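Observations on the model geometry
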Amino acid sequence: MTVQRVLTGITTSGTPHLGNYVGAVRPTVRASRLANTENYYFLADYHALIKVGDPARVQRSTLEIAATWLACGLDPDKVFFYRQSDIPEIPELTWLLTCVTGKGLLNRAHAYKAAVDKNTAAGQEPDDGVSAGLFMYPVLMAADILMFNAHHVPVGRDQIQHIEMARDMAASFNHLYGEHFTPPQAVIEAHVATLPGLDGRKMSKSYDNTIPLFAPTEQLRKLIMGIVTDSRAPGEPKDTEGSALFQIFQAFATPEETADLAQAYAAGIAWGEAKERLYQRLEQEIAPMRTVYEELMRHPEHIEATLQRGAAKARGIATPFTARLRHAVGLRALSAGAAAQADTAPAKVAAPQFKQYREKDGLFYFKLTTAKGEVLLQSAAYTQPRDAAQTMQQLVLGALPWSALPQTGQLGAAADIDAALLQIRQARGD
Ligand code: TRP
């Protein structure tokens, strides 16, 4: 079985809360233990600069998120665990991708469009308060993903469009410069719960309704006591449906424990007691990790060292890959001649090609296929093999337009045929 590369990042703009834990940290730590996967987990601190203008907060959040991942059981020796800004190849790749990305594609990004719509509704200039960083966000994210040729990217639903854009950028780059990038796929964990916050809406920093994952135990208890409930008195049966308290409990408890609480709801448990149960259940899972977290937070230098090791490991891939990409786009040492061309060989293997063959009818044919073997053009029959060969030659040189072939069997899109012919011509050095 081939190794699947899984990559995801967390923007270092806040303090991890229970929703992040249930929705992102816990599933990724579990996934990192699966066989046949190579995992890349990183702290997206360049992304944080897009929304946070407070240096101390970026630094603090980076520390907290790194400590959280480690305290929750991520083994930095088994995965690639690094900080985005320790990999200078990422901003470099961002630029290479920027140059093959249509501005129109970025105009369509949901986050950018939402900002424009808001301005328009408020009677402001469309781009009021929109930084070029916000506009470029999807390109930076594509660089994160494509740098390591990740197959799968676990993300929330709001990020699906960004993964699709990364696929577009990969395709544009490959089209121009040869097969360098693997198109990534978003992975949405359907069974992972979206946690409600203190007020019953989705737990999110922007609603200010979060419960920090590693709040000290007393504060955790106080916050839980503040979760909204309805006004039913002790003894009155309560609804599990729509109960934030119940949903949070469920995200941490076994099915049996959840069934028990549902029964207690039906039997009219007092809200205060239900909250106490939730607190106890959370504490059971969180307390051991909190001890590790607090120890880690006392030693930022250990975390720094771990991240530095992770960066070295990640750059073991990023540095040579970037060298290959630089060469592919023509950022080359001027002395690089035949020797440098040798390392484009892997790209050539995956090039489109012409194939000539003889059929059972005794006649000669050729076809043009993509790197993957899909047939783009299918010739008519030739009685002489040399005529078939000459026609192919003329097609490659552009001396004969493929559309002028006698009875062309056009099977692929015109743009694909043109691109394939161009690629063959370039590979020949014509
Ligand atoms: N944009 C992601 C978020 O806010 C974070 C992120 C940055 C990311 N780069 C990434 C996620 C690459 C997955 C892959 O959630």
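The structure presented is a predicted model; accordingly, all values stated were derived computationally and were not measured. The numbers attached to residues start from 1 for each chain and follow its sequence in the written order. Totals for whole chains, interfaces and linings use all residues, but because this is a predicted model, local features are given only for residues with pLDDT of at least 70 and pairs of side-chain atoms are given and counted only at 80 or more. With hydrogens and water stripped out, all remaining heavy atoms of the structure feed into the side-chain values.

Let us now look at the overall build of the protein chain. Only DSSP runs of H or I with at least four residues qualify as helices, and only runs of E with at least two residues qualify as strands; both kinds are numbered from the N terminus onward. A count of helical and extended segments in the protein chain gives 17 helices and 9 strands. Radius of gyration (C-alpha) of the protein chain: 28 Å, far over the 22 Å computed for a compact globule of 430 residues. Contact definition: two residues touch when any of their heavy atoms are within 4.5 Å. Within the protein chain, contacts between residues separated by at least 24 positions form 71% of all contacts whose residues are at least 6 apart in sequence. Accessible area of the protein chain: about 21700 Å², with a carbon and sulfur share of 54%. As used throughout, the charge tally considers Lys and Arg to be positive and Asp and Glu to be negative, leaving His and the chain termini uncounted. Working definition for charges: the position is that of NZ of Lys, CZ of Arg, CG of Asp or CD of Glu. With 42 positive and 45 negative side-chain charges, the protein chain shows a spacing of 5 Å between the two charge centroids. For this measure, only C-alpha atoms enter the radius of gyration; the expected value for a globule follows 2.2 Å times N^0.38, where N is the number of residues. For every accessible area listed, the method is Shrake-Rupley and the probe measures 1.4 Å; residues are considered covered only by the protein chains on display.

Across the protein chain, the average pLDDT comes to 91, with 95% of residues at 70 or higher. Helix H15 (residues 345-349) is the least confidently modelled element of the protein chain, averaging 47 in pLDDT, while helix H4 (residues 89-98) averages 98, the highest of any element. As a per-residue measure, pLDDT reflects the predictor's confidence and takes values from 0 up to 100.

Here we come to the site of the ligand. Taken together, 14 residues sit near the ligand, with Thr11, Tyr137, Met141, Asp144 and Gln159 positioned nearest. Contacts to the ligand include threonine 11, whose side-chain N or O atom sits 3.3 Å from an oxygen atom. Here a polar contact means two N or O atoms within 3.5 Å. Within protein one must be a hydrogen donor candidate and the other an acceptor candidate, and residues neighboring in sequence count only if both atoms are side-chain atoms. Within the side chain of glutamine 159, a nitrogen or oxygen atom sits 3.0 Å from a nitrogen atom of the ligand. Relative to its unbound accessible surface of 360 Å², the ligand loses 88% to contact with the protein. Those elements that place two or more of their residues in the shell around the ligand are strand E1 (4-11), strand E2 (37-44) and helix H7 (132-147). Under the grouping applied here, Gly and all other residues not named as nonpolar or charged are polar, the nonpolar ones being Ala, Val, Leu, Ile, Met, Phe, Trp, Tyr, Cys and Pro and the charged ones Asp, Glu, Lys and Arg. Taken together, the residues of the shell around the ligand break down into 8 nonpolar, 5 polar and 1 charged. Working definition: residue near molecule or strand if any one of its non-hydrogen atoms lies within 4 Å of it.

The next subject is the pairing of E1. Here 8 bridges tie E1 to E2, and the two strands are oriented parallel to one another. Considered in E2, the bridge of glutamine 4 is made with threonine 37. With the strands aimed away from the viewer, a crossover counts as right-handed if its path from the first strand over the helix to the second runs clockwise. Handedness of the β-α-β unit built from E1, helix H1 (residues 18-31) and E2 comes out right-handed. Note on pairing: DSSP must find at least two bridges between two strands before they are called paired.

Attention now moves to the domain arrangement of the protein chain. Taken domain by domain, the protein chain consists of domain 1 (4-194 + 299-326), domain 2 (214-288) and domain 3 (353-424). Taken residue by residue, the interface counts 8 residues in domain 1 and 8 residues in domain 2. Note: buried area is the sum, over both parts, of the accessible area (probe 1.4 Å) each one loses when the two are combined. Note on domain 1 versus domain 2: buried area summed over both sides is about 570 Å², and carbon and sulfur give 67% of it. In terms of surface lost to domain 2, no three residues of domain 1 exceed Leu18, Tyr21 and Arg26, which account for 60% of the buried area on that side. Any Lys or Arg side-chain nitrogen located within 4 Å of an Asp or Glu carboxyl oxygen qualifies as a salt bridge. Where domain 1 packs against domain 2, one counts 1 salt bridge. Measuring nitrogen to oxygen at the nearest pair gives 3.4 Å for the salt bridge that ties arginine 26 to glutamate 285. Residue ranges assigned to the domains are those given by an automatic or database domain assignment.

Positionally, serine 204 belongs in the loop between strand E5 (185-187) and helix H9 (217-225). Burial classes follow relative accessibility: with a 1.4 Å probe on protein chains only, a residue under 20% of its type's maximum area counts as buried, one over 50% as exposed, and anything between as partly exposed. The buried category is assigned to serine 204, whose relative accessible area is 14%. In this structure the side chain of serine 204 is engaged in a polar contact, spanning 2.8 Å, whose partner is the side chain of serine 206. When residues no more than four places from it in sequence are discounted, the contact partners of serine 204 are His17, Asn209 and Thr210.

Mapped onto the secondary structure, tyrosine 293 falls in helix H12 (residues 271-298). Along the primary structure tyrosine 293 and phenylalanine 214 are separated by 79 residues, whereas in three dimensions their C-alpha atoms are 7.7 Å apart. Residue contacts for tyrosine 293: discarding those within four places in its chain leaves Glu64, Ala67, Thr68, Ala71 and Phe214.

All right, on to empty space enclosed by the protein then. The way it works is a 1 Å grid over only the protein atoms, where trapped points that fit a 1.4 Å probe form a cavity and open points with protein on both sides within 12 Å along at least five of seven lines form a pocket, and then any residue with an atom within 4 Å of a point lines it. Grid points are joined across faces, edges and corners, and a volume is the space filled by probe spheres set on the points. Scanning the entire structure with this criterion turns up 1 cavity of 30 Å³ or more. Volume-wise, the largest cavity comes out at about 40 Å³. Forming the walls of the largest cavity are Leu106, Ala109, Ala111, Tyr112, Leu134, Phe135, Tyr137, Pro138 and His162. Listing elements by their share of the lining of the largest cavity, those giving two or more residues are helix H6 (110-121) and H7. Considering each element in turn, the lining of the largest cavity owes the most residues, 4 residues, to H7. Along the lines of polarity and charge, the residues of the lining of the largest cavity split into 8 nonpolar, 1 polar and no charged.

Turning our eyes to something else, we now look at the packing of H1 against helix H10 (residues 244-252). To obtain each axis, a line is fitted to C-alpha atoms, and for helices this fit is confined to the stretch in contact; angles are then taken between N-to-C directions over 0 to 180 degrees. Interhelical geometry of H1 versus H10 gives an angle of 35° and a closest axis separation of 11 Å. Crossing of H1 over H10 shows left-handed handedness. Two secondary-structure elements touch here, H1 through Leu18, Tyr21, Val22 and Arg26 and H10 through Ile248, Ala251 and Phe252. Counted by class, the contact of H1 with H10 contains 6 nonpolar, no polar and 1 charged residues. We call a crossing left-handed when the near helix sits turned anticlockwise from the far one by less than a right angle, and right-handed when that turn is clockwise.

Attention now moves to the side chain of threonine 98. Secondary-structure assignment places threonine 98 in helix H4. A distance of 2.6 Å separates a polar atom in the side chain of threonine 98 from the backbone oxygen of threonine 94. Excluding anything up to four places from it in sequence, threonine 98 contacts Met136 and Val139.

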